[in-house]
Amino acid sequence: MIEINLLPDSPRARQGFVTDETAGSVLRIDVWGVALLISALTILPGTAALWWLQRTEARELGARLEAVVADSARLAELRAASDSLTERSREIRERVALVEQLDRDRFAWPHLMDEISRALPPPAWLTSLRQLSAPPDLAVELQGVAGNPLAITEFVRGLGMSNHIADVKIIGSQQQGSDSDQGSRQAFTLVLRFAHAPALRRVEPT
């Protein structure tokens with residue numbers, strides 16, 4: 001049986017079934033509630049997961065930063081040690097070079113005099129020795145007298161064979177006395193240079 005309410009404002013109408021408008025409002029309220037519930041269930045776990053990921057990444061970055069700082073400090077110490085060793089090595093080389101220079105210049109004259117004395121033949125003698133330049137490029141001029149020209153040649157050859165003498169030059173030679181005089185002698189002048197190491201010896205003729 002179908003009942004039709006012709007008096008919508010009557011108490012029966014107010015006590016009756018829910019109208020379509022009221023049902024629509026209730027439906028809309030339920031949809032928003034469900035949406036809020038889903039949002040709450042989604043946002044809270046997502047926020048927690050994002051916070052956890054950021055914290056984990058921050059820890060990893062902090063560990064990497066500490067490792068980089070430690071490596072930088074270690075490399076700085078190694079570089080300082082290397083610079084110190086390099087500077088010490090340079091100082092040692094300079095000191096060794098200075099000692100070698102002092103020893104080389106100190107023994108120049110003894111070596112030179114020894115080689116000249118060894119090369120001088122018996123029929124010849126020196127009358128003067130003059131320094132032309134100081135060590136390390138020590139050069140001297142020798143003046144002497146020989147009993148015959150062969151003694152001068154032998155003297156020059158002996159000087160040229162020495163490892164400590166280089167660039168032997170015969171500046172000149174002159175006979176003293178007449179050819180008929182048995183006491184005639186040959187005066188000579190030589191220029192030579194002291195060599196610290198074995199050098200190419202060169203003898204220039206008169």
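What you see is a predicted model; the values in this text were computed from it and never measured.

A. Focus on the pattern of salt bridges. Scanning the entire structure with this criterion turns up seven salt bridges. The salt bridge partner of Arg-74 is Asp-71, with a shortest N-O separation of 3.9 Å. With Arg-74 and Asp-71 both in helix H2 (residues 20–106), this residue pair falls three residues apart, about one helical turn. On the accessibility criterion, Arg-74 (44% relative accessible area) is partly exposed. Of the residues examined, Asp-71 reaches a relative accessible area of 38% and is grouped as partly exposed. A salt bridge links Arg-193 to Asp-167; the shortest N-O distance between them is 2.9 Å. Of this pair, Arg-193 sits in strand E4 (residues 185–194) while Asp-167 sits in strand E3 (residues 165–176), placing them 26 residues apart in sequence. When its relative accessible area of 30% is taken as the criterion, Arg-193 is described as partly exposed. Under the relative-accessibility criterion, Asp-167 is labelled buried at 16%. A network of salt bridges, in which partner residues are shared, links Glu-87, Arg-90 and Glu-94.

B. Main features of the pairing of strand E2 (residues 139–146). Counting buried positions along E2 yields seven of eight residues, so the element is predominantly enclosed. Alignment of strand E1 (residues 124–133) against E2, held across eight bridges, turns out to be antiparallel. Looking at E2, one finds that Leu-126 is bridged to Gly-144. In this sheet, E4 lies alongside E2 in antiparallel orientation, the contact comprising eight bridges. Each residue of the ladder has a partner; that of Leu-142, found in E4, is Leu-190.

C. Up close: the confidence of the model for the chain. The predicted model of the chain has a mean per-residue pLDDT of 78, with 74% of residues at 70 or higher. Per-element confidence in the chain is highest for E2, whose mean pLDDT is 95, and lowest for strand E5 (residues 203–204), whose mean pLDDT is 48. Overall, residues 12–29 carries pLDDT values under 50, and its contacts beyond four positions in sequence, including any with other chains, amount to six contacts. Note on residues 199–206: pLDDT is under 50 here. Beyond four places in sequence and across chains, it has 20 contacts.

D. Layout of the nonpolar core. Ranked by internal contacts, the top residues of the largest apolar core, which has 21 residues, are Leu-112, Phe-155, Leu-159, Leu-190 and Leu-192. Secondary structure elements with two or more residues in this core: helix H3 (108–119), E2, helix H4 (149–160), E3 and E4. It is H4 that contributes the most residues to this core, five residues altogether.

E. Quick peek at the side chain of Glu-141. Topologically, Glu-141 is positioned in strand E2. Apart from the residues lying within four places of it in its own chain, the contact partners of Glu-141 are Ser-128, Leu-129, Arg-130, Leu-132, Thr-189, Leu-190 and Val-191.

F. Here's a closer look at the environment of Arg-106. Of note, Arg-106 is situated in helix H2. Here the alpha-carbon distance between Arg-106 and Pro-136, two residues 30 residues apart in the chain, equals 9.6 Å.

G. Quick peek at a nonpolar patch on the surface. Judged by side-chain polarity, Trp-51, Trp-52 and Leu-53 come together as a nonpolar surface patch covering roughly 390 Å² of accessible area. Relative to the assigned elements, Leu-53 resides in helix H2.

H. Region of the structure containing H4. The terminal C-alpha atoms of H4 lie 17 Å apart, and with 12 residues this matches the ideal 16 Å at 1.5 Å per residue to within 8%. Every buried residue of H4 is accounted for by Ala-151, Ile-152, Phe-155, Val-156, Leu-159 and Gly-160. The N-cap residue of H4 is Asn-148: its side-chain oxygen and the backbone nitrogen of Leu-150 are 3.1 Å apart.

I. Representation of the packing of H3 against H4 in the model. Contact geometry of H3 with H4 gives a least axis separation of 8 Å together with a crossing angle of 140°. Taken together, H3 and H4 sit at an angle that is classed as oblique. Two packed elements cross with a definite hand, and for H3 against H4 that hand is right-handed. Contacts between H3 and H4 involve Glu-115, Ile-116 and Ala-119 on the former and, on the latter, Glu-154, Phe-155, Gly-158 and Leu-159. Here the residues of the contact of H3 with H4 are counted per class, giving four nonpolar, one polar and two charged.

The rules we used
Residues numbered from 1 in each chain as written. Predicted model: local features only at pLDDT ≥ 70, side-chain atom pairs only at ≥ 80, totals over all residues. Heavy atoms only, no water. Salt bridge = Lys/Arg side-chain N within 4 Å of Asp/Glu carboxyl O. Helix = DSSP H or I, 4+ residues; strand = E, 2+ residues; numbered from the N terminus. Buried < 20%, exposed > 50% of the residue type's maximum accessible area, 1.4 Å probe, protein only. Pairing = 2+ DSSP bridges. pLDDT = per-residue confidence, 0-100. Contact = heavy atoms within 4.5 Å. Core = buried A, V, L, I, M, F, W, Y, C linked by side-chain atoms within 4.5 Å. Patch = residues over 30% accessible without salt bridge, like charges linked within 9 Å, V, L, I, M, F, W, Y side chains within 5 Å. Areas by Shrake-Rupley, 256 points an atom, 1.4 Å probe, with all protein chains shown as cover. Expected span 1.5 Å × (residues − 1). Polar contact = N/O pair within 3.5 Å; in protein donor to acceptor, adjacent residues only side chain to side chain. Axes fitted to C-alpha atoms, helices over the stretch in contact; angles between N-to-C directions. Parallel < 35°, antiparallel > 145°, perpendicular 65-115°, else oblique. Left-handed = near helix turned anticlockwise from the far one by under 90°. Nonpolar A, V, L, I, M, F, W, Y, C, P; charged D, E, K, R; others polar.

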